[in-house]
Amino acid sequence: MAEATGRLTTHVLDTAHGRPAAGMALSLARLSPSPAALAERVTNADGRCDAPLLQGADLLAGEYALSFHAGDYFRGLGLALPEPAFLDIVPIRFGIADPASHYHVPLLVSPWAMSTYRGS
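Report on the accompanying structure.

Conventions we followed
What you see as residue numbers is a count from 1 along each chain, following the sequence as written. Selection of residues for local features in this predicted model requires a pLDDT of at least 70, selection of side-chain atom pairs for listing and counting requires 80 or more, and totals for whole chains, interfaces and linings are taken over all residues. Heavy atoms throughout the structure, all of them, feed into the side-chain values; hydrogens and water do not. What counts as a helix is a DSSP run of H or I of at least four residues, what counts as a strand is a run of E of at least two, and both are numbered from the N terminus. Throughout this description, buried means an accessible area under 20% of the type-specific maximum (1.4 Å probe, protein chains only), exposed means over 50%, and partly exposed covers the range between. The contact rule is simple, with two residues in contact once any of their heavy atoms fall within 4.5 Å. By this definition, two strands are paired if DSSP reports at least two bridges between them. Lines are fitted to the C-alpha atoms to define the axes, a helix being fitted only along its stretch in contact, and any angle between axes, read from their N-to-C directions, falls within 0 to 180 degrees. Counted as a polar contact is a pair of N or O atoms within 3.5 Å, where, for protein atoms, one must be capable of donating a hydrogen and the other of accepting one, and residues adjacent in sequence contribute only when both atoms are in side chains. Each nonpolar core is a collection of buried residues, namely Ala, Val, Leu, Ile, Met, Phe, Trp, Tyr and Cys, held together in the definition by side-chain atoms within 4.5 Å.

1. A short note on the environment of tyrosine 73
Note on placement: tyrosine 73 falls in helix H1 (residues 70-76). The exposure class of tyrosine 73 is buried, given its relative accessible area of 8%. In sequence terms tyrosine 73 and glycine 23 are 50 residues apart; their C-alpha atoms lie 7.1 Å from each other. With near-sequence residues (within four places) excluded, tyrosine 73 lies in contact with Asp14, Arg19, Pro20, Ala21, Ala22, Gly23 and Met24.

This is the structure:
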């Protein structure tokens, strides 16, 4: 039996259009214990990243932030957003207590609302 490896994944759903948010840029930073910029990605056609954002020994206990570039995504679809946009860069700060576990951080987003939860 293979040993469980912790990993961090995300998934972005465009609730304004009822589909995955393909082509949304996002970044990941560790806030503590040692602050660092860790990854920059763009979601695929399914609104996911092609590989985990972090996994194995790179996934440490601590505080993290995912920043989703929702304003640029919606502008890229041709939506006229006010300036400044109500939601532009959407930050989600979260903690990882057990680095051997799978942490999935989905974002459901429209130009006017967002929600998240710890997924599976």
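Text resumes after the structure shown.
2. What about the sheet that holds strand E4 (residues 36-42)?
With respect to topology, four strands assemble into an open sheet ordered E4-E3-E6-E7, the strand pairing being antiparallel. The open sheet has two edge strands, E4 and strand E7 (89-96), and neither has a second partner. Going across the sheet, the axis of each strand differs from the next one's by a mean of 20°, ignoring polarity.

3. Structural notes on the side chain of threonine 9
Following the sequence through the fold, threonine 9 ends up in strand E1 (residues 7-14). Polar side-chain contacts of threonine 9 include one of 2.8 Å to the side chain of histidine 102. Leaving out residues up to four positions away in the same chain, threonine 9 has contacts with Pro52, His102, Tyr103, His104 and Val105.

4. Some details on the nonpolar core
Core analysis: the largest hydrophobic core is formed by 28 residues, its most contacted members being Leu8, Met24, Leu28, Leu66, Phe68, Phe94 and Val109. Sorting the residues of this core by element identifies E1, strand E3 (25-32), strand E6 (62-69), H1, E7 and strand E8 (102-109) as the ones contributing at least two each. With near-sequence residues (within four places) excluded, methionine 24 lies in contact with Val12, Arg41, Val42, Thr43, Phe68, His69, Ala70, Tyr73 and Val109.

5. Focus on unusual backbone geometry
Cis geometry marks the peptide bond from serine 32 to proline 33, where omega comes out at 10°. Here proline 33 is to be found in the loop between E3 and E4. Residue proline 84 is reached from glutamate 83 by a cis peptide bond, and omega for that bond is 0°. With respect to the secondary-structure elements, proline 84 resides in the loop between H1 and E7.

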